[in-house]
Amino acid sequence: MDAETDADGARPVGSPAAGVVHALVQRRETLATIESLTGGLLAASIVEIAGVSGVYRGGLVVYATELKAQLAGVPENLLDDRGPVDPDVAVALAEGGRRRCGADWGLATTGVAGPEPQDGKPVGLVYAAVAGPSGTDVRRFDLDGGRDHIRSAAVIEALRLLAERVHAADRDAAPAGSAA
C-alpha cells in the first residue's frame, strides 16, 4: 500500500488539510493537534498549507503514555484502566489538547502503527477524535499495511473527521431556509 493513501487504499484528491484549513480561516476558528502514533505528521500536514498561521495554534506530540496525562490532561485512571489506545482516551486527548492550546478545535490520534501489537491491541487499530464548539466525535479505523501507511492513513482519516465536523457546524449555524 502507498504511504499517501487513506484507510481504503484510495489516494485523496488534493490536500486533505487544505479544505479544512480554509474552512477554519473563513470561520475565524483555531485548531490544535494532539498526536500519539502519528508523531507530528498531522501537524506537519496542516502547516504545509499557506495561510494556516491564523488558524493553527500548535500541538502536542504525546507518544509516551505518561505524557498523555501530564501534557494533554488525560485522566491517569483512564489510561491505567484502558491503556493509551482507546476511544475515550482519544476523546480526552482532543478535549485536553484543545483546552491546553486554547483552540476552538482539537484533533487527536492514538493507535498502534506496529510493527508489533501493543497492550493486546492489534497493529492498525487507530482512533481519531475531534473536540469542537459543539462537542466531540471519535472514530475507529482498522488499517492495513505497514507502519508508514498506517500513520499516513491515520492523518488523512483524522483530517476527514475534522472536515466533517466543521462542515456539520456550518450547516447547524446556517439560518433556516438558507443553503449551506
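What you are looking at is a predicted structure, and each value in this text was computed from that prediction instead of being measured. (Residues numbered from 1 in each chain as written. Predicted model: local features only at pLDDT ≥ 70, side-chain atom pairs only at ≥ 80, totals over all residues. Heavy atoms only, no water.)

Participant: When you look at the nonpolar core in this model, what are you seeing that I'm missing?
Facilitator: Judged by nonpolar contacts, the single largest core of 34 residues is most densely connected at Leu31, Ile46, Trp105, Leu107, Leu159 and Leu162. Broken down by secondary-structure element, the contributors of at least two residues to this core are helix H1 (16-27), helix H2 (41-47), strand S3 (105-111), strand S4 (125-132) and helix H6 (147-173). Take this core: its biggest share by element is eleven residues, from H6. Ile34, Ala72, Ala90 and Ala108 belong to the second largest nonpolar core, which has 21 residues in total. (Core = buried A, V, L, I, M, F, W, Y, C linked by side-chain atoms within 4.5 Å. Buried < 20%, exposed > 50% of the residue type's maximum accessible area, 1.4 Å probe, protein only. Helix = DSSP H or I, 4+ residues; strand = E, 2+ residues; numbered from the N terminus.)

Participant: What is the right way to read the pattern of salt bridges from this model?
Facilitator: Any two side chains of opposite charge can pair, given that their charged atoms come close. Here the structure, examined in full by the defined rule, presents eight salt bridges. As a salt-bridge pair, Asp137 and Arg139 come within 3.6 Å of each other at their nearest N and O atoms. Accessibility expressed as a relative area gives 24% for Asp137, which makes it partly exposed. One salt-bridge network, in which partners are shared between bridges, spans Arg27, Glu29 and Asp170. (Salt bridge = Lys/Arg side-chain N within 4 Å of Asp/Glu carboxyl O.)

Participant: I tried to follow the environment of Ala92 on my own but got confused; where do I start?
Facilitator: Following the sequence through the fold, Ala92 ends up in helix H5 (residues 87-101). Its relative accessible area of 11% is what places Ala92 among the buried residues. When residues no more than four places from it in sequence are discounted, the contact partners of Ala92 are Ala72, Val74, Pro75 and Leu78. (Contact = heavy atoms within 4.5 Å.)

Participant: Please clarify how the side chain of Thr38 should be interpreted in this entry.
Facilitator: With respect to the helices, strands and loops of the structure, Thr38 is situated in the loop between strand S1 (31-35) and H2. A residue is classified by how much of its surface remains accessible, and Thr38, at 0% relative accessible area, is buried. Of the polar contacts made by the side chain of Thr38, one reaches the side chain of Thr109; its length is 2.7 Å. If we skip the residues at most four places from it in the chain, Thr38 touches Thr109, Arg151, Ala154 and Val155. (Polar contact = N/O pair within 3.5 Å; in protein donor to acceptor, adjacent residues only side chain to side chain.)

Participant: Quick question: what am I supposed to make of unusual backbone geometry here?
Facilitator: Among all residues except glycine, the phi angle is most often negative; among peptide bonds, the trans geometry is most common. Residue Pro115 follows Gly114 across a cis peptide bond; omega there is 15°. Even without being a glycine, Arg28 presents a positive backbone phi close to 55°. Along the chain, the position of Arg28 falls in the loop between H1 and S1. With relative accessibility at 75%, the residue Arg28 sits in the exposed group. Positive phi, close to 50°, is recorded for Asp119, a residue that is not glycine. As for its placement among the helices and strands, Asp119 is situated in the loop between S3 and S4.

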